[in-house]
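# Survey of secondary and tertiary structure
Here's the letter readout for the chains.
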Amino acid sequence: GAVVSQHPSRVICKSGTSVKIECRSLDFQATTMFWYRQFPKQSLMLMATSNEGSKATYEQGVEKDKFLINHASLTLSTLTVTSAHPEDSSFYICSARDGNGKNIQYFGAGTRLSVL
Amino acid sequence: DAKTTQPPSMDCAEGRAANLPCNHSTISGNEYVYWYRQIHSQGPQYIIHGLKNNETNEMASLIITEDRKSSTLILPHATLRDTAVYYCIVRVANSGYALNFGKGTSLLVTP
């Protein structure tokens, strides 16, 4: 299947710092990418939908000024957690939709964020 | 998207077939059944999807009942590496919206 690369896989940062997570579709163009968050023993929760060249659409309860999303090209979307706090510690997962025919969403390996 | 119901957990002996059921009684005519799995601390992995015919690929088989109200994902020879949470998701094929993940079935493959 198609490959979605997510980097970094793990990050530990101090409270108040900002963290950027990159998501790339390696072998297909993704006009739409999605960002999820997953807390321990819970299912994936959608944070936002990112469309290339336009502003992201955020789910209810997700602060757009705290979780900055940029989707500047058809193969790259970034999520920046600004002024991270311990409660932002979570597993962040990106996904890209392959719009050619099968409409399958492929997922990155995830980023484990730990805010001290 | 139509709602799906899966058992919270299942066990399977290594080498045996794992049959994971999913109920989707309110599925619409243009909605597909997708299966993903998530191995611990990894991103979800696409397995298979289908509309009404049975499907098979290198990972699994998908059996959809004639009335399409339920389906079964079959891992023909389960290995320890198949231990994961399996998600059954119903959605329109050309939807631009994100997949919504329920609680899935936690499959434990034992030696």
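See the structure shown above.
All figures in this text were calculated on a predicted structure; none of them were measured in a lab.

### Brief notes about the overall build of chain A
Of the regular secondary structure elements, chain A holds zero helices and eleven strands. Ordered by position from N to C terminus, the α and β elements of chain A give β-β-β-β-β-β-β-β-β-β-β. Its C-alpha atoms give chain A a radius of gyration of 13 Å, near enough to 13 Å, the size a compact globule of 116 residues would have. If one aligns the C-alpha atoms of chain A with their principal axes, the spans along those axes are about 45 × 25 × 20 Å. The buried share of chain A, reckoned over its 116 residues, is 53%. Across chain A, the fraction of contacts at a sequence separation of at least 24, relative to all contacts at a separation of at least 6, is 54%. Carbon and sulfur atoms make up 50% of the accessible area of chain A, which amounts to about 5800 Å² in all. For chain A, the distance from the average site of its 12 positive side-chain charges to the average site of its 9 negative ones is 5 Å.

### What to know about the pairing of strand 7 (residues 67-73) of chain A
Residues and elements named next belong to chain A. As defined by bridge partners, strand 7 adjoins strand 8 (residues 76-81) across five bridges and the pair is classed as antiparallel. Each residue of the ladder has a partner; that of Asn 70, found in strand 8, is Thr 78. Between the antiparallel neighbours strand 7 and strand 8 lie two residues.

### Some details on the environment of Lys 20 of chain A
With respect to the helices and strands, the residue Lys 20 of chain A is situated in strand 3 (residues 19-25). Sequence-distant contacts of Lys 20 of chain A, defined by excluding residues within four places in its chain, comprise His 7, Pro 8, Thr 78, Leu 79 and Thr 80 of chain A.

### Digging into the packing of aromatic side chains
Taken as a whole, this structure holds eleven aromatic pairs over all chains when the rule is applied. Ring geometry for Tyr 36 of chain A against Phe 101 of chain B: centres 5.9 Å apart, planes inclined by 85°, an arrangement best described as edge-to-face. Residue Tyr 36 of chain A is located in strand 4 (residues 32-38), and its partner Phe 101 of chain B is located in the loop between strand 8 (84-92) and strand 9 (105-110); the two belong to separate chains. No difference in accessibility class separates Tyr 36 of chain A from Phe 101 of chain B, as the two residues are buried. Where Tyr 32 of chain B meets Tyr 34 of chain B, the ring centres are 6.4 Å apart and the plane angle is 45°; that geometry is what we call tilted. Taking relative accessible area as the criterion, Tyr 32 of chain B reaches 24% and is therefore assigned partly exposed. Among the aromatic residues, those joined into a ring-pair cluster are Phe 28, Tyr 36, Tyr 106 and Phe 107 of chain A together with Tyr 36, Tyr 46, Tyr 87 and Phe 101 of chain B.

### Looking at the interface of chain A and chain B
Counting from both sides, the interface comprises 19 residues of chain A and, opposite them, 21 residues of chain B. Carbon and sulfur atoms supply 53% of the area buried between chain A and chain B, which totals about 1400 Å² over both sides. It is Asn 103, Gln 105 and Phe 107 of chain A that lose the most area in chain A upon contact with chain B, and together they represent 30% of the buried surface on that side. If you look at where chain A meets chain B, you find zero salt bridges. Inspection of the chain A/chain B interface yields seven residue pairs in polar contact (both at pLDDT 80 or more). At the level of secondary structure, the elements contributing two or more residues to the side of chain A that touches chain B comprise strand 4, strand 9 (90-98) and strand 10 (104-107) of chain A. In terms of residue class, the side of chain A that touches chain B is built from ten nonpolar, six polar and three charged.

### Thoughts on the nonpolar core
Among the nonpolar cores identified, the biggest contains 43 residues, and Tyr 36, Phe 107 and Leu 113 of chain A together with Tyr 36 and Phe 101 of chain B are the most heavily contacted of them. Once you skip the residues sitting within four places of it in the chain, Phe 107 of chain A turns out to touch Val 4, Tyr 36, Leu 44, Ile 93, Cys 94 and Ser 95 of chain A together with Tyr 36, Gly 43, Pro 44, Leu 99 and Phe 101 of chain B. Within the second largest apolar cluster, 22 residues are counted, among which are Leu 20, Leu 73, Ala 84 and Tyr 86 of chain B.

### Considering the sheet that holds strand 3 (residues 31-38) of chain B
Residues and elements named next belong to chain B. One open sheet holds the five strands; their spatial order is 1-9-8-3-4, and the pairing between them is mixed. Every other strand in the sheet has two partners, leaving strand 1 (9-13) and strand 4 (45-50) as the edge strands with one partner each. Averaged over all adjacent pairs, the angle separating strand axes in this sheet is 25°, with direction ignored. Relative to strand 8, strand 3 is paired through eight bridges, and the arrangement is antiparallel. Opposite Trp 35, over in strand 8, you have Cys 88 as the bridge partner.

Scoring rules and cut-offs
Residues numbered from 1 in each chain as written. Chains lettered and ligands numbered in written order. Predicted model: local features only at pLDDT ≥ 70, side-chain atom pairs only at ≥ 80, totals over all residues. Heavy atoms only, no water. Helix = DSSP H or I, 4+ residues; strand = E, 2+ residues; numbered from the N terminus. Rg over C-alpha atoms; globule rule 2.2 N^0.38 Å. Buried < 20%, exposed > 50% of the residue type's maximum accessible area, 1.4 Å probe, protein only. Contact = heavy atoms within 4.5 Å. Areas by Shrake-Rupley, 256 points an atom, 1.4 Å probe, with all protein chains shown as cover. Lys, Arg positive; Asp, Glu negative; His and termini not counted. Charge placed at Lys NZ, Arg CZ, Asp CG, Glu CD. Pairing = 2+ DSSP bridges. Phe/Tyr/Trp six-rings, centres within 6.5 Å; stacked < 30°, edge-to-face > 60°. Buried area = accessible area lost by both parts, 1.4 Å probe. Salt bridge = Lys/Arg side-chain N within 4 Å of Asp/Glu carboxyl O. Polar contact = N/O pair within 3.5 Å; in protein donor to acceptor, adjacent residues only side chain to side chain. Nonpolar A, V, L, I, M, F, W, Y, C, P; charged D, E, K, R; others polar. Core = buried A, V, L, I, M, F, W, Y, C linked by side-chain atoms within 4.5 Å. Axes fitted to C-alpha atoms, helices over the stretch in contact; angles between N-to-C directions.

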